[in-house]
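Now for the letters of each chain:
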Amino acid sequence: MALEEKREKRPPVTPMMIEEEAALRNGSRGLPPGPWAEAAGPRPRTTERHIAVHKRLVLGFAVSILALLAVTMVAVLLSVRFEECGAAADGPPRAANNGSLPGPAAGQPRGRAEPREEARGGEEAAERRQEEEEEEEEEEWQRRRQLPPWARPRLPRHLRPLHYNLMLSAFMENFTFCGEVNVQLEVRNASRYIVLHAHRMHIEAVRVAEDKLAGAVRVARSFLYPQTQVLVVVLNRSLEVQRSYNLKIIYNALIENELLGFFRSSYVLHGERRFLGVTQFSPTHARKAFPCFDEPIYKATFKISIKHQATYISLSNMPVETSVFEEDGWVTDHFSQTPLMSTYYLAWAVCNFTYRETITKSGVVVRLYARPDAIRRGSGDYALNITRRLIEFYEDYFKVPYSLPKLDLLAVPKHPYAAMENWGLSVFVEQRILLDPSISSISYLLDVTMVIVHELCHQWFGDLVTPVWWEDVWLKEGFAHYFEFIGTDYLYPGWNMEKQRFLTDVLHEVMLLDGLTSSHPVSQEVQQATDIDRVFDWIAYKKGAALIRMLANFMGHSVFQMGLQDYLTIHKYGNAARNDLWNTLSKALKRVGKSVNIQEVMDQWTLQMGYPVITILGNETTDNVIVISQERFVYDSDTKTKDSGLGDNSYLWQIPLTIAVGNTSHISSEAIIWVSNKSEHHRIPALEEASWLLGNINQTGYFRVNYDIRNWRLLINQLTRNHEVISVSDRAGLIDDAFNLARIPLNVRDIVYCTGVSLMDEDVWEFIWMKFHSTLAVSEKKILLEALTCSDDRNLLNRLLNLSLNSEVVLDQDAIDVIIHVARNPHGRDLAWKFFREKWKILNARYGEALFMNSKLISGVTEFLNTEEELRELKNFIKSYEEGAAASFSRAVETVEANVRWQRLYKEELFQWLRKSLTH
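Chemist: Is there a simple way to think about the overall build of the chain in this case?
Modeler: Along its length, the chain carries 28 helices and 28 strands. Looking at the 920 residues of the chain, the share that counts as buried comes to 54%. Carbon and sulfur atoms provide 53% of the accessible area of the chain, an area that totals close to 40800 Å².

Chemist: Quick question: what am I supposed to make of the environment of S669 here?
Modeler: Looking at where S669 falls in the secondary structure, it is placed in the loop between β24 (655-662) and β25 (671-675). When its relative accessible area of 65% is taken as the criterion, S669 is described as exposed. Sequence separation of S669 and I697 is 28 residues, and the distance between their C-alpha atoms is 9.7 Å. In this structure, S669 is in contact with I659 and A660, ignoring residues within four places of it in sequence.

Chemist: What am I meant to see in the nonpolar core here?
Modeler: The nonpolar side chains of soluble globular proteins are, as a tendency, buried together. Formed by 192 residues in total, the largest nonpolar core has its most connected members in F290 and W348. Among the elements that line this core, the one with the most residues is helix α13 (residues 538-555), at twelve residues. Setting aside anything within four residues of it in sequence, one finds F290 in contact with Y164, L166, V181, H197, M201, Y251, F281, F302, T343, L346 and W348. Of all hydrophobic cores here, the second largest spans 44 residues; its members include F772, I816, L857 and A892.

Chemist: Can you walk me through the sheet that holds β24 in this structure?
Modeler: Paired through their backbone hydrogen bonds, the strands of a sheet run either parallel or antiparallel. As summarised here, the arrangement of the three strands in space is β25-β24-β27, forming an open sheet in which the pairing is antiparallel. Here the strands that pair on one side only, and so sit at the sheet edges, are β25 and β27 (692-695). The sheet shows a mean angle of 35 degrees between the axes of neighbouring strands, taken without regard to direction. With four bridges connecting them, β24 and β27 associate as antiparallel partners. Each residue of the ladder has a partner; that of I659, found in β27, is G695.

Chemist: I would appreciate a short explanation of the side chain of S316 in the present structure.
Modeler: Among the secondary structure elements, S316 is positioned in strand β11 (residues 313-316). Separated by 2.8 Å, the side chain of S316 and the backbone oxygen of A347 make a polar contact. Those residues within four positions of S316 in sequence are excluded, and the remaining contacts are I304, F335, A347, W348, K406, D408, G424 and L425.

Chemist: For this particular structure, what's the right way to read the packing of helix α26 (residues 853-862) against helix α28 (residues 886-919)?
Modeler: To characterise two packed helices, one gives the angle between the axes of the helices and the distance between these axes. Closest axis-to-axis distance for the α26/α28 pair is 9 Å, and the angle between their directions is 15 degrees. Of the possible angle classes, the one that applies to α26 and α28 is roughly parallel. α28 is crossed by α26, and the crossing has right-handed handedness. Contacts between α26 and α28 pair S855, I858 and T862 from the former with S888, F889, R891, A892 and V896 from the latter. When grouped by side-chain class, the residues that make up the contact of α26 with α28 number four nonpolar, three polar and one charged.

Chemist: Would you mind going over a nonpolar patch on the surface with me for this structure?
Modeler: Residues L910, F911, W913, L914 and L918 make up a contiguous nonpolar surface patch of about 530 Å² in total accessible area. Considering the arrangement of structural elements, one finds L914 in helix α28.

Chemist: Could you clarify how one ought to interpret the packing of aromatic side chains in this entry?
Modeler: Any two aromatic rings considered together are summarised by their centre-to-centre distance and by the angle between their planes. Using the criterion set out here, one finds 56 aromatic pairs in the structure. Positioned above the aromatic ring of F175 is the side chain of R264, whose terminal nitrogen or guanidinium carbon lies 4.1 Å from the ring centre. Directly above the ring of F633 sits R704, whose terminal nitrogen or CZ lies 5.1 Å from the centroid.

Chemist: Is there a simple way to think about empty space enclosed by the protein in this case?
Modeler: A probe matching the size of a water molecule, rolled over the atoms, marks out where space remains unfilled. Taken as a whole, the largest cavity holds about 80 Å³ of empty space. The wall of the largest cavity is formed by L694, G695, N696, Q699, V705, Y707, W712, D730, G733, L734 and D737. Going through the elements one at a time, β27, β28 (704-707) and α18 (728-741) are the ones with two or more residues in the lining of the largest cavity. With four residues, the top contributor of residues to the lining of the largest cavity is α18.

Chemist: It is not clear to me how the environment of G329 should be interpreted in this structure. Could you clarify?
Modeler: Examined against the element boundaries, G329 turns out to sit in the loop between β12 (320-325) and β13 (330-335). Judged by relative accessible area, G329 falls into the partly exposed class, the value being 33%. Each C-alpha atom of the pair G329 and T311 lies 8.2 Å from the other, and the pair is 18 residues apart in sequence. Not counting the four nearest positions on each side in its chain, G329 is found in contact with H308, Q309 and A310.

Chemist: What should I look at first to understand the pattern of salt bridges in this one?
Modeler: Two side chains bearing opposite charge may form a pair once their charged atoms approach each other closely. Applying the stated criterion across every chain, the model contains 44 salt bridges. A salt bridge links E295 to R157, with the shortest nitrogen-to-oxygen separation between them at 3.4 Å. Of this pair, E295 sits in the loop between β9 (272-280) and β10 (301-309) while R157 sits in the loop between α6 (123-144) and β1 (159-171), and the two are 138 residues apart along the sequence. With a relative accessible area of 35%, R157 lands in the partly exposed category. Where E808 meets R273, a salt bridge forms, and the shortest distance between an N and an O atom there is 2.9 Å. Residues participating in the shared-partner salt-bridge network are R371, D373, R377, E430 and D436.

Chemist: When you look at the environment of D537 in this model, what are you seeing that I'm missing?
Modeler: Structurally, D537 can be placed in the loop between α12 (529-532) and α13. Distance in space between the C-alpha atoms of D537 and V473 is 10.0 Å, their sequence separation being 64 residues. Separated by 3.2 Å, the side chain of D537 and the backbone nitrogen of I539 make a polar contact.

Chemist: Before we go on, may I ask you to explain the sheet that holds strand β22 (residues 612-618) in this structure?
Modeler: Taken in spatial order, the four strands of this open sheet run β26-β23-β22-β28, and their pairing is mixed. Looking at the sheet topology across the chains shown, the edges are occupied by β26 (679-683) and β28. Pairwise comparison of adjacent strand axes, ignoring direction, gives a mean angle of 25 degrees for this sheet.

Chemist: In this structure, what is going on with α26? I would like to understand it.
Modeler: Buried residues dominate α26, accounting for eight of its ten residues. Taken residue by residue, α26 has M853, N854, S855, L857, I858, G860, V861 and T862 as its buried positions. Buried residues belonging to α26 abut α23 (812-824), α24 (829-838), α25 (840-847), α27 (868-880) and α28.

Chemist: What should I look at first to understand the pairing of strand β5 (residues 219-225) in this one?
Modeler: Looking along a regular strand, one sees side chains alternate from face to face of the sheet. In terms of residue burial, β5 counts as a mostly covered element, since five of its seven residues are buried. Where β5 lies against strand β6 (residues 230-239), six bridges are found, and the strand directions are antiparallel. The partner of R221 across the bridge, within β6, is V234. Counting the residues that bridge the hairpin from β5 to β6 gives four residues, and of these Q229 lies at a positive phi of roughly 60 degrees.

Chemist: Got a minute to help me understand the confidence of the model for the chain in this structure?
Modeler: The predicted coordinates should not be examined in detail at positions where pLDDT is low. Summary statistics for the chain give a mean pLDDT of 82 and a share of 79% for residues scoring 70 or more. Across residues 1-15, confidence stays below pLDDT 50; counting only partners more than four residues off in sequence or on other chains, it has eight contacts. Here residues 18-123 scores under 50 on pLDDT; set against residues more than four positions off or in separate chains, the count is 148 contacts.

Chemist: What should I look at first to understand the side chain of Q718 in this one?
Modeler: Residue placement: Q718 occurs in helix α17 (residues 709-722). Those residues within four positions of Q718 in sequence are excluded, and the remaining contacts are N663, T664, W692, H723, V725 and I726.

Chemist: Could you clarify how one ought to interpret α25 in this entry?
Modeler: Burial in α25 covers these residues: W840, L843 and Y847. Angularly, the buried residues of α25 cover 70 degrees about the axis, an arc narrow enough to put them on a single face. Projecting away from the buried face of α25 at angles above 90 degrees are the exposed residues K841 and A845. Next to the buried residues of α25 lie α23, α24, α26, α27 and α28.

Reading the values: the criteria
- Residues numbered from 1 in each chain as written.
- Predicted model: local features only at pLDDT ≥ 70, side-chain atom pairs only at ≥ 80, totals over all residues.
- Heavy atoms only, no water.
- Helix = DSSP H or I, 4+ residues; strand = E, 2+ residues; numbered from the N terminus.
- Buried < 20%, exposed > 50% of the residue type's maximum accessible area, 1.4 Å probe, protein only.
- Areas by Shrake-Rupley, 256 points an atom, 1.4 Å probe, with all protein chains shown as cover.
- Contact = heavy atoms within 4.5 Å.
- Core = buried A, V, L, I, M, F, W, Y, C linked by side-chain atoms within 4.5 Å.
- Pairing = 2+ DSSP bridges.
- Axes fitted to C-alpha atoms, helices over the stretch in contact; angles between N-to-C directions.
- Polar contact = N/O pair within 3.5 Å; in protein donor to acceptor, adjacent residues only side chain to side chain.
- Parallel < 35°, antiparallel > 145°, perpendicular 65-115°, else oblique.
- Left-handed = near helix turned anticlockwise from the far one by under 90°.
- Nonpolar A, V, L, I, M, F, W, Y, C, P; charged D, E, K, R; others polar.
- Patch = residues over 30% accessible without salt bridge, like charges linked within 9 Å, V, L, I, M, F, W, Y side chains within 5 Å.
- Salt bridge = Lys/Arg side-chain N within 4 Å of Asp/Glu carboxyl O.
- Phe/Tyr/Trp six-rings, centres within 6.5 Å; stacked < 30°, edge-to-face > 60°.
- Lys NZ or Arg CZ within 6 Å of the ring centre and 35° of its normal.
- 1 Å grid on protein atoms, 1.4 Å probe; cavity = no way out; pocket = protein on both sides within 12 Å on 5 of 7 lines; lining within 4 Å.
- Points joined across faces, edges and corners; volume = space filled by probe spheres on them.
- pLDDT = per-residue confidence, 0-100.
- Arc of directions from axis to C-beta.

Right under this line is the structure:
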């Protein structure tokens, strides 16, 4: 095509293009906005405005105007020359390789020209001119302080990736890899630059071609911008709208000795140390393994090829299509193309594991890969068998088939989390998937089961349908956590997981957290990558699950299930936000003749922190009428709320209150009352003088219930005489509500299981330590390691704490549990607290980036601190290390303050009651 024809097809200049040009001028010539630009940049030019004003003045000022023009032209020429000198002195950043640009200094005013009055046309003209100049300078300052696109927290929206062709070569002998990625790009808005994520890698070459043809688009330069972890490619001409281009990047990086990105792990087999490489990309670590558009909204297809030594195998999301063997002992595996998917659950591994497999009714091949000795012992057989059954369960429940031809479960020795739901290649830490039936306990089997149920749910909620952005991470984590109990009930119906264990393990536990003023809404605003880690917490997981359970119950389970089926069908292979779910569920209700605006109801539960307490009072003057009121529940009403825009009195929920009436031998069927106001009157027809009321039946609602004294006494009398009239779930709810409404300490936890170990001497402790190292059963290792933390010998506890930092002795993810369990031991609490403070830099470096692992450590070490001195130590420690984990430390301070307050108010009273009870 001739050059002239191309020009004719170019789009007109748009405001966005003008903004891009300005950004490039400000940020890519070695003169980003900042103090240097203040000194060297051109001053605002006001000549034309002066001319417009002076034309209205008399001819007598003509000479002054000409003088002004001359002076201004000289000033402009000098300033332009000054800018060129400054640009030359600073110089452009190096092309491609390791170049980067400094970040702009936001919020600093630029140099401004002093207004001069060359003509004496009266005070009014001068004042008007000065005001106009100041307005112009303000506009210029506002424009120039705009961040260039590569310095913004989110990627610009002018490009969309359609397909990645990624070729990797993994060198396991020196833990490096090199890669070539070809990205097919669709242009939404004309632009001269490409911005995508890349972090901690060396860029060797960048090429751009139009429509995959030989004709290249010349790259003016490229540079890494570490502040936002992006690679910027600047082109000589704009990419054209509705055209596709191919971006080719050649790079290399390390297979990291950490737990994120493409990292390495190892194990010992027959006395020989063996290594493997595996990925962990969620939430923002795919950019460490290949340049990509690393935000969940940018779904694309992927074609992956991995070259490795023939002594290894490679795995990825899809099955191997072909393998090419070379004479030098290397092999390249070419994997099938994926469906549309987000970068964070892309995955691959290079290892020398073996596997066992099974096949579902619908033909999905399920394999479990692990260390050869674990496979030989059958340690993965349980997980493999329940995975097959669970895929069949989910396919039937959701009425949406599993979307890939295979699912691999990969058991690795070291991983930052219990598991990761990578589509088609889910990765588990060994302790959460390998199980030895002859020695593993039922509680361990239950843990393994629930982790697998959780990750398999993600194959639909998270992988098939992905949240638009991380503010709604609970849309996948809340569902997966809720289905831990639904799926386990499917496998073991007699365990009543959803009706009983959900209350103690999820509902009661998260309500403790959510009753603090330092809590946060389940949907949180996420502005930049550094904000993402904090949304992966128990509020997202457990409160999300509790809200979904409440929603399922007030909709009715069959209607709820039908709504989920519609939601997954409509949004499969795409992204969805919470409003998409609410709208689909509202439509499902309409189809059965019910009209509830789910969005209106659920926005109050997801966008507000905390939860309400419902108070039910009998009306003394009117028969069968009760007064129902709501207010936000907080443990300490004197503590200032984090949400400064809302006082506690401003919180309001639409509450699906289920209610039943009972007497000594019978309880009525439940009815539902929607409570929307601060206080309401409701008539209860069957309410008699000797009857009691029970609210929030089976604790399906995410709120507490309080009653008047008379009703509490009737309920207590019922429980004393014939407790079976009230269900197990309702009894658990009454106890939990009563204790928390009476303010029992925030952090009552079960005492550790190892009383016997606490009575042992050092020789026996050494025996258990050796047993921990010699056993091959992962479940046995976990039990033995936790038992070691129960010793009464402070020297042994100190020794164990120091050993926990040696990754060769205690795995990284187990070290956190060691420290926390020592902290829970009354003999080791102060030791763990001292160890935590002394080793904080090491611990923070190891776990700081790993989502809520750091939060778990901080909470576990501090939750039992309960003296004024320990509170002071905590606050002083935070002052010294205030960077990072601020939210976790804030919660820790509030928890310890509550512990101290409880000690002061109730410790002596409790001891007196215990002494009195023991005496009698």
